[in-house]
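# Per-entry structural report
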Amino acid sequence: MKYFIVTYGCQMNVHESEKIAGILEDLGYTECGSREEADIIVFNTCAIREGAEDRVLGNVGNLKRLKKKNKNLIIAVCGCMTQKQKTAEYLMNTFPFIDIVIGTFNLPKLGHYIEAVKKGRQLEILQEGDIDEVLPYKRTSGENAWVNIMQGCNNFCTYCIVPYVKGREKSRKEENILKEIKEIIKEGKYKKITLLGQNVNSYGKDLEPKVSFAKLLKDICALDGDFTLSFMTSHPKDLTDEVIDTIANEDKIEKYIHLPAQSGNNRILKLMNRSYTREKYLDIINKIREKIPNCRITSDFIVGFPTETEEEFNDTYSLVKQVRYDSIFAFMYSPREGTVASKMEGQIPDEIKHKRVNKLLQLEKEIQEEDNKR
Ligand code: 5AD
Ligand code: SF4
């Protein structure tokens, strides 16, 4: 029996797919190289922007012909898109050849759903789930081992769907993280360990007793072994001096911070509910530059947030120019149903979003060319 997994979205989803692969291999499946050869195809979806959802819908739709050829093929869809009850039902109703639609938190029971398909199609979504489950992982990212340290997000940035699909922040117990990392080191195959979470800097606030992210970093670095430690993503409001000092002082930590600014304009940052100002953000950048020379810094930006004027976009442009990031991701704002921003007046037309995103990416290119020349 063979499986094929199609993954969309962020690194956390890539790691989630390693979990799915582990579960399927435990059930006796082996990986194959194409959809055509598979007995089960799993779509691990992303809901962050409309474009991501459209890609999933198009590619799931294409599976109809495979199902015609192979009646026993099982098609399962999971991930952030299916965490939304309405979307899950839409998938089930629109694509009669999908056998299983389950949410992220139902994954540990994937074997049960596969077995139950014999009796009928499966749709089940759990809104919240446990994080400490110990599942088999099939690590697929070469010399890098991903380690999940927390799930969910409490920030409710007004554009973002994540808190609605991944639930509230839940940290894994430090002892479980350290145990997993010790095993990774013992395996000897991995040069790099990357800690994953929507907002790693608020790690441990929900634990009893509390554990700070800086302590977690230090405790991991204290483990014997030859590895580089990295992490993502950091929210500027939670990146403490202690974390910056830890990155500066620990040789094992990669000198790299992904610090999404999203906008360079204070009115838009406020509307986004980001809880920092341009000035505060720049203070953090300056601190990083001062304490960690040659630290690589990258960022995410959203252009065309509701009511964003040309001048306000220019503040984002000037922030990118000022910080001179090593690289940036620039996204056109995409309204997500159920979020606060999707109901705001003053939605920006697509042509303007296109122009702004291209302008920002052009600037990034110019900065990189200048840096390369230097
Ligand atoms: N529209 C556009 N971009 C978004 N992001 C999150 N939500 C949206 C949205 N609704 C971007 C943010 C985030 C990155 C992962 O995706 O920049 O940092
Ligand atoms: Fe979304 Fe904001 Fe949480 Fe990041 S911090 S996952 S952008 S709500």
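Residues numbered from 1 in each chain as written. Chains lettered and ligands numbered in written order. Predicted model: local features only at pLDDT ≥ 70, side-chain atom pairs only at ≥ 80, totals over all residues. Heavy atoms only, no water.

## Quick notes on the domain arrangement of the protein
- Looking at the assigned domains, one finds that the protein contains domain 1 (2-124) and domain 2 (141-254).
- Each partner contributes residues to the interface: domain 1 has 13 residues there, and domain 2 has 14 residues.
- Across the domain 1 to domain 2 interface the summed buried area is about 1,200 Å²; carbon plus sulfur atoms make up 69%.
- For domain 1, the biggest contributors to the area lost against domain 2 are Q11, M12 and H15; these three give 43% of the whole.
- Inspection of the domain 1/domain 2 interface yields 0 salt bridges. (Domains from an automatic or database assignment. Contact = heavy atoms within 4.5 Å. Buried area = accessible area lost by both parts, 1.4 Å probe. Salt bridge = Lys/Arg side-chain N within 4 Å of Asp/Glu carboxyl O.)

## Quick word on the packing of helix α12 (residues 310-323) against helix α13 (residues 350-373)
- One can describe the packing of α12 onto α13 by two numbers: an axis separation of 10 Å at closest approach and a directional angle of 20°. Between α12 and α13, the angle falls in the class roughly parallel. α13 is crossed by α12, and the crossing has right-handed handedness. Contact residues: E310, F313, N314, T316, Y317, V320 and K321 in α12; R356, K359, L360, L363 and I367 in α13.
- Residue composition of the contact of α12 with α13, grouped by class: 6 nonpolar, 2 polar and 4 charged. (Axes fitted to C-alpha atoms, helices over the stretch in contact; angles between N-to-C directions. Helix = DSSP H or I, 4+ residues; strand = E, 2+ residues; numbered from the N terminus. Parallel < 35°, antiparallel > 145°, perpendicular 65-115°, else oblique. Left-handed = near helix turned anticlockwise from the far one by under 90°. Nonpolar A, V, L, I, M, F, W, Y, C, P; charged D, E, K, R; others polar.)

## A word on the nonpolar core
- I149, L195, F213, I288 and Y325 are the most contacted members of the largest nonpolar core, which has 57 residues in total.
- Residue contributions to this core peak at 6 residues, all from helix α8 (residues 213-221).
- The residues touching Y325, leaving out its near neighbours within four places in the chain, are A261, Y281, I297, T298, S299, F301, L319, V320 and I367.
- With 29 residues, the next largest nonpolar core counts Y8, M81, L91 and V165 among its residues. (Core = buried A, V, L, I, M, F, W, Y, C linked by side-chain atoms within 4.5 Å. Buried < 20%, exposed > 50% of the residue type's maximum accessible area, 1.4 Å probe, protein only.)

## Looking at the sheet that holds strand β11 (residues 228-232)
- If you walk across this open sheet you meet the 3 strands as β7-β10-β11, and the pairing is parallel. Of all the strands in the sheet, just β7 (144-148) and β11 have a single pairing partner and so form its edges. Averaged over all pairs of adjacent strands, the angle between strand axes in this sheet comes to 25°, irrespective of strand direction.
- Looking at chain direction, strand β10 (residues 192-196) and β11 are connected through 5 bridges and run parallel. When the bridges of β11 are listed, K192 appears paired with T228.
- Of the strands in this sheet, β7 and β10 are in contact with helix α7 (residues 174-187), which crosses β7 at around 170°. (Pairing = 2+ DSSP bridges.)

## Thoughts on the packing of aromatic side chains
- Across all of its chains, the model carries 9 aromatic pairs by this definition.
- Ring centres of F301 and Y325 lie 5.7 Å apart, and the angle between their planes is 70°; this geometry places the pair in the edge-to-face category. On the criterion of sequence distance, the pair formed by F301 in strand β13 (residues 296-303) and Y325 in the loop between α12 and β14 (327-332) is long-range, its members being 24 residues apart.
- Its relative accessible area of 0% is what places F301 among the buried residues.
- Relative accessible area serves as the criterion here: at 3%, Y325 is assigned to the buried category.
- Measuring from centroid to centroid gives 5.5 Å for F305 and Y333, while their planes differ by 65°, and the two rings are edge-to-face. Placement of F305 in the loop between β13 and α12 and of Y333 in the loop between β14 and α13 is noted, with a sequence separation of 28 residues between them. Pair check on accessibility: F305 and Y333 agree, each one buried. (Phe/Tyr/Trp six-rings, centres within 6.5 Å; stacked < 30°, edge-to-face > 60°.)

## Focus: the site of ligand 1
- As a matter of local geometry, ligand 1 sits amid I48, R49, Y159, Q262, D300, I302, F331, M332, Y333, S334 and R336.
- R49 places a polar side-chain atom, nitrogen or oxygen, 2.9 Å from an oxygen atom of ligand 1.
- The contact in question runs from an oxygen atom of ligand 1 to an N or O atom on the side chain of D300, over 2.6 Å.
- In the complex, 86% of the free accessible area of ligand 1, which totals 400 Å², lies under the protein chains.
- For the shell around ligand 1, the elements supplying multiple residues, two or more each, are β13 and β14. (Near = heavy atom within 4 Å. Polar contact = N/O pair within 3.5 Å; in protein donor to acceptor, adjacent residues only side chain to side chain. Areas by Shrake-Rupley, 256 points an atom, 1.4 Å probe, with all protein chains shown as cover.)

## Points about the site of ligand 2
- Around ligand 2, the structure places C153, N155, F156, C157, Y159, C160, V162, P163, Q198, H235 and R274.
- For the shell around ligand 2, a count of residues per class yields 7 nonpolar, 3 polar and 1 charged.

## Considering the environment of D245
- Its location among the elements puts D245 in helix α9 (residues 241-249).
- Taking the relative accessible area as the measure of exposure, D245 reaches 29% and is therefore partly exposed.
- In this structure, the C-alpha to C-alpha distance between D245 and R121, residues 124 residues apart in sequence, is 52 Å.

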